[in-house]
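# A closer look at the structure
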Amino acid sequence: MLIPLIHQLDSDEAEKWLKILREKMPGYQIQELKDCSDEERQKVRVAIVANPNPDELKLLPALEWVHSLWAGVESLLVGLKDHPVAIVRLKDPTLAHVMSEAVLAWVLYLHRDMPVYRLQQRQKLWRQISYRAASQCRVLVLGLGELGLASVLRLQQNGFSVSGWSRQPKKVPGVKCYSGREGLQDAVKYADILVNLLPQTTQTIGLIDRQLLAGLPEGASLINFGRGATVNTDDLIDRLNSGELNHAVLDVFEVEPLPQDSPLWHHARVTVLPHISAPTDYVTASNIVARNIAGFFKKGIMPACVDKQRGY
């Protein structure tokens, strides 16, 4: 059974994926689409994808669904909006664990005033900042899916005062949960650190704008580990420049890599990260892909697919 890997990865990363997918799926022929004959392409029912060129998927007339190697699928949704193929995104518990680790690390970075001490070092300034207990630091997590729930739990375990927001109402033990647009405006009033883990959808693009940022307490900070388009960058910079927003840790951007001429690179109140908060684990991701594809071909079980209307 031929399963093509369709991607726009660099050659080294593509080889890593091919190697481990072949190890995990010995009963299947895993190869790049360019190595498939026209006759083979006519029979492909399932493809594994990593940021593919949508035009390549349209070369497979029998294609029923694609399995993404990433959790985020917004580019697939845009590229395949007029194509009936179903999309399965990666749901890996390891990813949630790694993301929660990153959320805790960078919340601590802000809570323990690391950006200030970094600046003081450059100025050769020896000045201690008064300590504040984690229980006095209010953290709001936007998005209560797998990643958000894991992050909320880890922050709770480390003593932070945590609240959460989601599109639809949810209940999380020990966490004040908000929902809906009005709930969001209310929630940000009590956030010393705002952590964005939302996917990119038509409802979330530009969600974190001037109005929302103005609702945060003065001196609050932002961590964006969701998607770059969720934040209005111009509005963010304005709030940082005014000093009303203390700091922003940004790991995702509308254009990646971040362009060299972006003002974010040199802004004193911004920490730029190269999209490293929750990298996909080759081994666990390959196990999940192998299990889902085997379930489909051996038992006729279709994995849970992305709701194209919701965007996740």
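Residues numbered from 1 in each chain as written. Predicted model: local features only at pLDDT ≥ 70, side-chain atom pairs only at ≥ 80, totals over all residues. Heavy atoms only, no water.

### What to know about the overall build of the protein
Note the following rule: Numbering goes from the N terminus for both helices and strands, where a helix is a DSSP run of H or I of at least four residues and a strand is a run of E of at least two. Only C-alpha atoms enter the radius of gyration, while the globule expectation follows 2.2 Å times N to the 0.38, with N the number of residues. We call a residue buried when its accessible area falls under 20% of the maximum for its residue type, exposed when it is over 50%, and partly exposed in between, using a 1.4 Å probe and counting protein chains only. Here a residue-residue contact requires only that any non-hydrogen atoms of the pair lie within 4.5 Å. Accessibility throughout is a Shrake-Rupley quantity obtained with a 1.4 Å probe, and a residue counts as covered only by protein chains that appear here.
When helices and strands are counted, the protein shows eleven helices and twelve strands. Whereas a compact globule of 312 residues would reach a radius of gyration of roughly 20 Å, the protein reaches 21 Å, a difference of no more than 12%. Across the 312 residues in the protein, those meeting the buried criterion constitute 48%. Of the contacts formed within the protein by residues at least 6 apart in sequence, a portion of 63% connects residues at least 24 apart. Total accessible area computed for the protein in this model is approximately 15,900 Å², and 51% of it derives from carbon and sulfur atoms.

### Observations concerning the side chain of serine 286
Along the polypeptide, serine 286 turns up in helix α11 (residues 282–299). Residue class for serine 286 comes out buried when judged on its relative accessible area of 0%. Discounting residues that sit within four places of it in the chain, serine 286 has contacts with Trp17, Ile20, Leu21 and Lys24.

### Re the packing of aromatic side chains
What counts, and what does not: Two rings from Phe, Tyr or Trp (for Trp, the six-membered ring) form a pair when their centres sit within 6.5 Å of each other. Planes less than 30 degrees apart are called stacked, planes more than 60 degrees apart edge-to-face, and all others tilted. To sit over a ring, a charge needs its Lys NZ or Arg CZ within 6 Å of the ring centre and within 35 degrees of the ring normal.
A complete count under the given rule lists six aromatic pairs for this structure. Considering the side-chain rings of phenylalanine 296 and phenylalanine 297, the 5.0 Å spacing of their centres and the 75° angle between planes classify their relative orientation as edge-to-face. Among the aromatic residues, ring-to-ring pairing joins Tyr28, Trp65, Phe296 and Phe297 into one connected group. Between lysine 176 and the ring centre of tyrosine 178, over which it is positioned, the NZ or CZ distance is 5.4 Å.

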